Amino acid sequence: MSVFALGRMRVRRSGYGAMQLAGQFAAGAPPDRESAIGVLRAAEAAGVDHIDTAQYYGPGTVNALIRDALYPYPDGLAIVSKVAAGRDDSGAGYLRAGIEDNLRGLRVARLAAVNLRLPGDGRVDARFDDQLAAMVAARDEGLIAGIGLSNVSLEQLQHAVAGTEIVCVQNLFHLADRTAAPLLDMCLSRGIAFVPFCPLGWPRGQDNPVLTSPVVARTAARLGITPAQAALQWLLQLAPNVLLIPGTGSVAHLRENLAAEDITLDDQALRDLDRVSA
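1. Remarks on the pairing of strand S5 (residues 78-83)
Line of reasoning, step 1. Counting buried residues in S5 gives six out of six residues, a clear majority hidden from the surface.
Line of reasoning, step 2. Neither face of S5 is left uncovered, since the one carrying Ala-78, Val-80 and Lys-82 and the one carrying Ile-79, Ser-81 and Val-83 both have all their residues buried.
Line of reasoning, step 3. Judged from the three bridges that link them, strand S4 (residues 50-52) and S5 form a sheet pairing that is parallel. Residue His-50 lies in a different strand from S5, and its bridge partner there is Ala-78.
Line of reasoning, step 4. Between the parallel elements S4 and S5, the chain passes through helix H2 (residues 61-70) in a crossover that is right-handed.
Line of reasoning, step 5. Direction of pairing for S5 relative to strand S6 (residues 113-117): parallel, over a ladder of four bridges. Counterpart to Lys-82 in the pairing with S6 is Asn-115.

Structure (structure tokens):
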């Protein structure tokens, strides 16, 4: 089992993303609350020490589930959340309120990291600086241990690290979409954790470009593993700073995802999987 730094902590590279525990589209209550609690407790029992969440999942539903399942939290558990500003304001006060909502919802005094979720326009401007300053203020006050950036452009990341420490980057990245590869490279060079969201592809269902790929299916069948395990191990072998947070509402799928750590992709598998993004 390999680990990597997430700010001040070192975490297992296979973590858990809790978004799917809420209802459809991350809104409302879970279909089965006890099952959701069981997934979180199974993750803890399996040694997961990095859980990704957000107060706006539900809203409030997922943080409440994490609290009810795991509080008092085990030593070494890194809970990472995210906040986002509205499009019509500078966002500083809104971000601070969002961080405080997460702290109350999870019943913690400080979070291991909080990602500033950006709208995806890639711009470095006064609004971005104001939002980054709000995150720095929250860290300096001890509300968060580290600052992360989500949905960030390479220019924004370069600008941010010139002025403060960034501990993680969370962007869309998977076998079939490698647009964020330059960000991964920069994070690796600076010792920043790179956390792909949607590591098993997006959208879900029959249009998923990863889990429905014939190349992924053939590779998995040849190696005696599942397509999800092939896709997750491909991400892990890319670079040591990649941290995974695949989501699921199933204990069986949780165990399947965690087992991807112990899989080896041979040279043929790597060559074949490299063609998925083409």
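Now that the structure is up, let's keep going.
2. Some remarks on unusual backbone geometry
Line of reasoning, step 1. Here the residue pair Gly-58 and Pro-59 is connected by a cis peptide bond, since its omega of -5° sits within 30 degrees of zero.
Line of reasoning, step 2. Structurally, Pro-59 can be placed in the loop between S4 and H2.
Line of reasoning, step 3. The omega torsion of the bond from Trp-202 to Pro-203 falls at 0°, within 30 degrees of zero and hence cis.
Line of reasoning, step 4. Tracing the chain through its elements places Pro-203 in the loop between strand S9 (193-194) and helix H7 (214-223).
Line of reasoning, step 5. With a phi angle near 60°, Ala-26 is a residue other than glycine that sits in the positive phi range.
Line of reasoning, step 6. Tracing the sequence through the fold places Ala-26 in the loop between strand S3 (16-17) and helix H1 (33-45).
Line of reasoning, step 7. Unlike most non-glycine residues, Cys-198 shows phi in positive territory, near 55°.
Line of reasoning, step 8. Here Cys-198 lies in the loop between S9 and H7.
Line of reasoning, step 9. Of the residues examined, Cys-198 reaches a relative accessible area of 25% and is grouped as partly exposed.

3. What to know about H7
Line of reasoning, step 1. Every buried residue belonging to H7 is among Val-215, Val-216, Thr-219 and Ala-220, and all of these are buried. Down the axis of H7, the buried side of the element spans an arc of 125°, and every buried residue falls inside it. In H7, the exposed residues that point more than 90 degrees away from the buried face are Pro-214, Arg-218 and Ala-221.
Line of reasoning, step 2. Buried positions along H7 lie against helix H8 (227-238) and helix H10 (267-273).
Line of reasoning, step 3. A side-chain oxygen of the first residue of H7 lies 3.2 Å from the backbone nitrogen of Val-215; this N-cap is Ser-213.
Line of reasoning, step 4. Positive phi appears at Gly-224, one or two residues downstream of H7, with a value of about 75°.

4. Observations regarding the confidence of the model for the protein
Line of reasoning, step 1. Taken as a whole, the protein shows an average pLDDT of 96; of its residues, 98% reach a score of 70 or greater.
Line of reasoning, step 2. Ranking the helices and strands of the protein by mean pLDDT puts S9 first, with 99, and helix H3 (residues 92-106) last, with 95.

5. Things to note about the nonpolar core
Line of reasoning, step 1. Of all hydrophobic cores here, the largest spans 80 residues; its most connected members are Leu-21, Ile-66, Ile-99, Ile-144, Leu-157 and Ile-166.
Line of reasoning, step 2. Examining the composition of this core, we find that seven residues originate from one element, H8, more than from any other.
Line of reasoning, step 3. If you look at the next biggest cluster of nonpolar residues, it comprises 13 residues, including Ala-112, Ala-113, Val-167 and Val-195.

6. Considering the layout of surface pockets
Here the idea is plain: a probe the size of a water molecule rolls over the atoms and shows the empty space left.
Line of reasoning, step 1. Taken as a whole, the largest pocket spans an internal volume of roughly 790 Å³.
Line of reasoning, step 2. Lining the largest pocket are 33 residues; nearest its centre among them are Met-19, Gln-20, Cys-198, Arg-204 and Gly-247.
Line of reasoning, step 3. Counting only elements with at least two residues in the lining of the largest pocket, the list comes to H8 and helix H9 (251-259).
Line of reasoning, step 4. Its residues assigned to classes, the lining of the largest pocket shows 15 nonpolar, 13 polar and five charged.

Definitions and cut-offs
- Residues numbered from 1 in each chain as written.
- Predicted model: local features only at pLDDT ≥ 70, side-chain atom pairs only at ≥ 80, totals over all residues.
- Heavy atoms only, no water.
- Buried < 20%, exposed > 50% of the residue type's maximum accessible area, 1.4 Å probe, protein only.
- Helix = DSSP H or I, 4+ residues; strand = E, 2+ residues; numbered from the N terminus.
- Pairing = 2+ DSSP bridges.
- Right-handed = clockwise from strand over helix to strand, strands pointing away.
- Arc of directions from axis to C-beta.
- Contact = heavy atoms within 4.5 Å.
- Polar contact = N/O pair within 3.5 Å; in protein donor to acceptor, adjacent residues only side chain to side chain.
- pLDDT = per-residue confidence, 0-100.
- Core = buried A, V, L, I, M, F, W, Y, C linked by side-chain atoms within 4.5 Å.
- 1 Å grid on protein atoms, 1.4 Å probe; cavity = no way out; pocket = protein on both sides within 12 Å on 5 of 7 lines; lining within 4 Å.
- Points joined across faces, edges and corners; volume = space filled by probe spheres on them.
- Nonpolar A, V, L, I, M, F, W, Y, C, P; charged D, E, K, R; others polar.

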